[in-house]
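Given next are the chains, with one letter for each unit.
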Amino acid sequence: MEEAAQVLEVETLIPMLLQNTDNVLASIVTNSSQGSNNSRLKRVTLVGDHFQLPPIIQHMSLVGYSKFDQSLFTRLIRLGVPAILLDQQGRARPEIAALYNWRYNSSSQTLANLPTIYNSKRFKVCNPGLLFTYQLINVEDFQGKGETAPTPYFYQNLGEAEYVVAVYQYMRLRGYPANKISILTTYNGQKHLINDVINRRCKHPLFGRPGRVSTVDKYQGQQNDYVLLSLVRTESVGHLRDIRRLIVALSRARFGLYIFCRHSLFSSCPELKNIFNMLTENDKRPNVLQLVNGEEYNVLDEYESDEMSTDMETWRTVDDRVSGDRIQTIENVTKMGVLVYEAVQGSKK
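So, a few notes on the structure that sits alongside this text. Everything numeric in this text was worked out from a predicted model, so none of it was measured. Counting restarts for each chain: residues are numbered from 1 in the order of the written sequence. Local features are withheld for residues below a pLDDT of 70 in this predicted model, meaning they are given only at 70 or higher, and side-chain atom pairs are given and counted only at 80 or more; totals for whole chains, interfaces and linings count all residues. Values shown for side chains rest on all heavy atoms present in the structure; no hydrogens or waters enter the calculation.

The next point concerns the packing of aromatic side chains. Two aromatic rings from Phe, Tyr or Trp, using only the six-membered ring of Trp, form a pair when their centres are within 6.5 Å; if the ring planes differ by under 30 degrees the pair is stacked, by over 60 it is edge-to-face, and anything between is tilted. By the definition in use, this model includes 10 aromatic pairs. Ring centres of Phe 123 and Phe 255 lie 5.1 Å apart, and the angle between their planes is 55 degrees; on these two criteria the pair is classed as tilted. Residue Phe 123 is found in the loop between helix H6 (115-119) and strand S3 (134-138), and its partner Phe 255 is found in strand S7 (residues 253-261); the two are separated by 132 residues along the sequence. Think of it in three bands: with a 1.4 Å probe and only protein chains considered, a residue is buried below 20% of the maximum accessible area for its type, exposed above 50%, and partly exposed in between. Overall, the relative accessible area of 0% leaves Phe 255 in the buried class. Summarising the aromatic geometry, the rings of Phe 266 and Phe 276 are spaced 5.7 Å apart at their centres and angled 10 degrees between planes, so their arrangement reads as stacked. Here the residue Phe 266 occupies a position in helix H11 (residues 263-267), and Phe 276 occupies one in helix H12 (residues 273-279), the gap between them amounting to 10 residues. The class for Phe 266 is buried, based on a relative accessible area of 0%. Phe 276 gets classed as buried once you look at its relative accessible area, which sits at 1%. Connected via pairs of aromatic rings, a cluster forms that spans Phe 123, Tyr 176, Tyr 226, Phe 255, Tyr 297 and Trp 315. Runs of H or I in DSSP of at least four residues are treated as helices and runs of E of at least two as strands, each being numbered from the N terminus.

Shown next, in the form of structure tokens:
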């Protein structure tokens, strides 16, 4: 059973009971194996991650008083049932994995990287046109507004939605495949707003739709090469205070992770302060988007493996220094929008 830590306990039991239960119960009552040989169920294997999101329960009383959001997987882990814990990851660049692997470290085990992460050239080259492989981008009020809620709990942030879509457009103009980019957010309202902005801004054939627009909760268990993440809130941290949700959000990207948020709000949250310090390298890394001029994602053929295409041989590596005259700093969403507009107009000519 995959994603077992996100399945309700009662839902986990259902497939176990879909068998000839009379024979099984008879064998228990008689304390013998008679009848149990006819049972189709021989072994149950639960695969999941109890450090990520639990089952989603809307009724807070069932969560607070009945622990209804506890999966069978998490219960067994909590009770000390022996489990096999994976101790190496092969999904993400080492610097992206470092944002969340601390969560899996203990006195007896650490989450390391598979050798392929260090040996494959694909993990060593840059993301063309982007200075960093991951970056936190601060988004101030746009048109005088931060977060809004047209209806209760339907949180939206137009500034972040426009910024995320503009960066997606920029990546497409640089040649990134649309299906390699996912746009994630922490609220359904923002997901709908981002889709509206995409429908309005990405009609030009150069753009198309990204591989996926989804909420973080719905994207658990999935991944993509590049993730653009909108955290939405500007007045309070909201449900991202649950560190498990942020771990899910940070661990979806393989090669590039770009987070759009109100930096001052989330960095001041005690539960999240450690992660946001890592994202900004204790304020040594700028929280404004930095681009690199003169780079293209010039891959002619789609690739499915981690082996580097011959077209990538000319790419800058993540350790290469970039001269200051090639770096373009984007202070806000308006400047990003102007950059994309001018690039589109230039392509028409």
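This brings us to the environment of Glu 147. When you line up the elements, Glu 147 lands in the loop between S3 and helix H7 (158-174). With relative accessibility at 10%, the residue Glu 147 sits in the buried group. Between the C-alpha atom of Glu 147 and that of Arg 262, which follows or precedes it by 115 residues, the distance is 10.0 Å. Excluding its chain neighbours within four sequence positions, the residues that come into contact with Glu 147 are Tyr 155, Gln 156, Asn 157, Val 232, Arg 233, Thr 234, Glu 235 and Ser 236. N or O atoms closer than or at 3.5 Å make up a polar contact, with two conditions inside protein: a donor-capable atom paired with an acceptor-capable one, and, for residues adjacent in sequence, both atoms drawn from side chains. Of the polar contacts made by the side chain of Glu 147, one reaches the side chain of Arg 233; its length is 2.9 Å. Between two residues, a contact is recorded if the distance between any of their heavy atoms is within 4.5 Å.

This next bit is on H7. Between its first and last C-alpha, H7 extends 24 Å over 17 residues, near the 24 Å set by a 1.5 Å rise per residue. Where H7 begins, the side chain of Asn 157 points an oxygen toward the backbone nitrogen of Gly 159, at a separation of 3.2 Å. In the segment just after H7, Gly 175 is the residue with positive phi, at about 110 degrees. Expected helix span is taken as 1.5 Å per residue step, with the number of steps being one fewer than the number of residues.

Of all 5 residues making up strand S4 (residues 181-185), 5 are buried, and the element is well covered by its neighbours. Here S4 shows a buried face lined by Ile 181, Ile 183 and Thr 185 and a second buried face lined by Ser 182 and Leu 184. Relative to strand S6 (residues 224-230), S4 is paired through 5 bridges, and the arrangement is parallel. Bridge pairing in S6 links Thr 185 to Ser 230. Whether a crossover is right-handed depends on one test, that the path from the first strand over the helix to the second runs clockwise when the strands point away from the viewer. Considered for its hand, the β-α-β crossover made up of S4, helix H8 (residues 188-201) and strand S5 (residues 212-215) is right-handed. Strands pair, by our definition, only if DSSP identifies at least two bridges between them.

Glancing now at helix H10 (residues 243-250). The buried fraction of H10 is high, at 7 of 8 residues. Those residues of H10 that fall on the buried side of the exposure criterion are Ile 243, Arg 245, Leu 246, Ile 247, Val 248, Ala 249 and Leu 250. Structurally, H10 contributes buried residues whose contacts are with helix H5 (94-97), helix H9 (216-219), S6, S7 and H12.

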